[in-house]
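# Survey of secondary and tertiary structure
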Amino acid sequence: MQPIIDHIQITVKDLDSAEAFYDRLMPILGFDLAHKAKGKVPAHEFEVVEYYHPTLIFAINSPRSAFKNDSIHRRKPGALHHIAFKASSRNEIDELYPLIKAAGAQIVDVPKFYPQHGESYYALFFKDQEGIKYELVFEEGRMG
C-alpha cells in the first residue's frame, strides 16, 4: 500500500460562511471549483461541500446541532492540529502568500525558513476564519 490520502473532511461551525472562504482558498491550492459538489444526509444532520482534485478530495462539513457552539481548538484530543499542503518551491509559497491573505486567511507566520522543523524547511502558516490551521511547505531535498 502507498500511504496516500484520498480525502479529508473537516467539520466547521458555520458551513455557509466557511464555504465562501474555501471557495476563495481552494482554487489557490489547485482545486477547480467546476468540480465542487454538495450533499446532505438529513437523518444525520449532515451537510457537506466537497472540492475535488485528481489527487485529493477536500471537504467541509456542518456540525451536529449539539456541537455547533463548541469552540475549535487544535490541541483538544481528537482534534485536527493542522493540514500542510506541499508546495513545489519556495517561490511558489511566496507567490501564493498574498493570494491566501487576500482570500481572507489569518496569517499566523509569514513565508520563511523554520529551522526547528528542518534545515531547509520553508513554510507559510495560516488559519481559516474559524481558527483551523493550514500550512504551505517546501523542503529542499525531501523525499517525494
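Notes on the structure follow. Being a predicted model, the structure only gives us computed values, none of them experimental.

## Points about the overall build of the protein chain
When you go through the protein chain residue by residue, the secondary structure sums to two helices and eight strands. Reading the helices (α) and strands (β) of the protein chain from amino to carboxyl end gives β-α-β-β-β-β-α-β-β-β. Compactness check: the protein chain gives a C-alpha radius of gyration of 16 Å against a globular reference of 15 Å for 144 residues, within 12% of the reference. Considered along the principal axes of its C-alpha atoms, the protein chain spans approximately 50 × 35 × 30 Å. A total of 144 residues make up the protein chain; the buried ones form 36% of that total. At a minimum sequence separation of 6, the contacts of the protein chain that also span at least 24 residues come to 51%. Summing over all exposed atoms, the protein chain offers an accessible surface of approximately 8900 Å²; the carbon and sulfur share of this is 53%. With 17 positive and 20 negative side-chain charges, the protein chain shows a spacing of 6 Å between the two charge centroids.

## Topic: the side chain of Ser120
If you trace the backbone, Ser120 turns up in the loop between β6 (106-113) and β7 (121-127). A distance of 3.1 Å separates the side chain of Ser120 from the backbone oxygen of Glu140, its partner in a polar contact.

## Focus on the nonpolar core
By size, the foremost hydrophobic cluster in this structure holds 33 residues, and its most contacted members are Tyr22, Phe58, Ile60, Phe85, Ile100, Tyr134 and Leu136. For this core, the element with the highest residue contribution is helix α1 (residues 15-28), accounting for seven residues. Those residues in contact with Tyr22 that sit more than four places away from it in its chain are Pro27, Tyr51, Phe58, Ile60, Asp128, Ile132 and Tyr134. Membership of the second largest hydrophobic core comes to five residues, among which are Tyr114, Tyr121, Ala123 and Val137.

What counts, and where the lines are drawn
Residues numbered from 1 in each chain as written. Predicted model: local features only at pLDDT ≥ 70, side-chain atom pairs only at ≥ 80, totals over all residues. Heavy atoms only, no water. Helix = DSSP H or I, 4+ residues; strand = E, 2+ residues; numbered from the N terminus. Rg over C-alpha atoms; globule rule 2.2 N^0.38 Å. Buried < 20%, exposed > 50% of the residue type's maximum accessible area, 1.4 Å probe, protein only. Contact = heavy atoms within 4.5 Å. Areas by Shrake-Rupley, 256 points an atom, 1.4 Å probe, with all protein chains shown as cover. Lys, Arg positive; Asp, Glu negative; His and termini not counted. Charge placed at Lys NZ, Arg CZ, Asp CG, Glu CD. Polar contact = N/O pair within 3.5 Å; in protein donor to acceptor, adjacent residues only side chain to side chain. Core = buried A, V, L, I, M, F, W, Y, C linked by side-chain atoms within 4.5 Å.

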